[in-house]
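Inside the fold
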Amino acid sequence: MNQTVLESKQGVVSEIKEKFTNSSSTIVAEYRGLSVAEVTELRRALRAEGVELKVYKNTLASKAAEDAGFGGLTEVLTGPNALAFGGDETGAARVMAKFAKKHEALVLKGGIVEGKVVDLNTVKELSALPNREGMLSMLLSVLNAPVSSFARAVNAVAEAKPASGESAPAAEEVKEAAEAAA
């Protein structure tokens with residue numbers, strides 16, 4: 001019977017280790033004081049972002065962290081903890097931090113992001129970032145801005161161009177029209 005228990009624990013440690021290494025981010029939070037309804041609400045919010053929330057014994061999670069090369073995580077694995085395993089770098093931190101603002105019983109502690117153990121401050125910084133789609137949208141708008149400005153300037157020059165037979169506008173007029181469009 002002891003052999004079966006040992007094998008079971010080793011299986012759980014392997015599962016946790018795999019989740020640590022395969023997740024883009026893992027956030028550790030203490031959930032003491034949350035009701036069942038609040039935990040269910042948190043799980044639902046996390047699931048919508050592709051994040052899995054699991055509760056493991058701290059001794060097993062610490063062993064898995066050490067085995068995976070994240071020994072620094074063991075210092076936050078005290079008390080009743082939940083581990084949020086995210087598919088992207090910001091999702092778990094963003095949802096957990098937002099939930100913690102409404103529910104003071106949820107206390108963020110630290111985690112793992114892109115293969116590095118991070119502290120609470122880093123988790124809070126990550127929680128302020130948008131998700132991947134939001135970041136791509138911001139990047140596209142930044143890349144699109146110069147093209148849009150150029151197109152408006154060209155349009156302003158075309159509108160400032162005189163009808164056939166008239167003399168061409170002065171360089172100052174074209175420059176003013178381009179600046180007004182930008």
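Report on the accompanying structure. Residues take numbers from 1 onward in each chain, read along the sequence in its written order. With pLDDT at 70 or above as the cut-off, local features in this predicted model cover only qualifying residues; side-chain atom pairs require 80 or more to be listed or tallied, and sums for whole chains, interfaces and linings still use all residues. Each side-chain value is derived from all of the structure's non-hydrogen atoms; neither hydrogens nor water enter the calculation.

1. Describing the overall build of the protein chain
- Helix and strand content of the protein chain: 7 helices and 5 strands.
- What counts as a helix is a DSSP run of H or I of at least four residues, what counts as a strand is a run of E of at least two, and both are numbered from the N terminus. In the protein chain, the succession of helices and strands from N to C terminus is α-β-α-β-α-β-α-β-β-α-α-α.
- The buried share among the 182 residues of the protein chain stands at 35%.
- Contact definition: two residues touch when any of their heavy atoms are within 4.5 Å. Pairs at least 24 apart in sequence give 78% of the contacts found in the protein chain among residues at least 6 apart. Classification of residues uses two cut-offs on accessible area relative to the type maximum, computed with a 1.4 Å probe and protein chains only: under 20% is buried, over 50% is exposed, and between them is partly exposed.

2. Points about the packing of helix H1 (residues 2–22) against helix H3 (residues 58–68)
- For helices, the fitted line uses only the C-alpha atoms of the stretch in contact; every axis is such a line through C-alpha atoms, and the angle between N-to-C directions lies from 0 to 180 degrees. At their nearest, the axes of H1 and H3 sit 8 Å apart, and the two run at 55 degrees to each other. When the interaxial angle is binned, H1 and H3 end up oblique. In the packing of H1 onto H3, the handedness of the crossing is right-handed. Between H1 and H3, the contacting residues are Lys9, Val12, Val13, Ile16, Lys17, Phe20 and Thr21 on the first element and Leu60, Ala61, Lys63, Ala64, Ala65, Asp67 and Ala68 on the second.
- The residue makeup of the contact of H1 with H3, split by class, is 9 nonpolar, 1 polar and 4 charged. Should an angle fall under 35 degrees it is called roughly parallel, over 145 degrees roughly antiparallel, and 65 to 115 degrees roughly perpendicular, with every other angle called oblique. Each crossing gets its hand from how the near helix is turned against the far one by less than a right angle, where anticlockwise is left-handed and clockwise is right-handed. Polar here means any residue other than Ala, Val, Leu, Ile, Met, Phe, Trp, Tyr, Cys and Pro, which are nonpolar, and Asp, Glu, Lys and Arg, which are charged; Gly is therefore polar.

3. As for the pairing of strand E1 (residues 25–30)
- Extensive coverage of E1 is indicated by the burial of 6 of its 6 residues.
- Judged by which residues are buried, E1 turns out to be covered on both faces: Ser25, Ile27 and Ala29 on one side and Thr26, Val28 and Glu30 on the other are all buried.
- When DSSP finds at least two bridges between two strands, those strands are taken to pair. Two strands pair when backbone bridges link them, and E1 and strand E3 (residues 81–86) are joined in this way by 6 bridges, in the antiparallel orientation. Opposite isoleucine 27, over in E3, you have alanine 84 as the bridge partner.
- Pairing of E1 with strand E4 (residues 107–113), which is carried by 6 bridges, proceeds in the antiparallel orientation. Bridged to alanine 29 within E4 is leucine 108.

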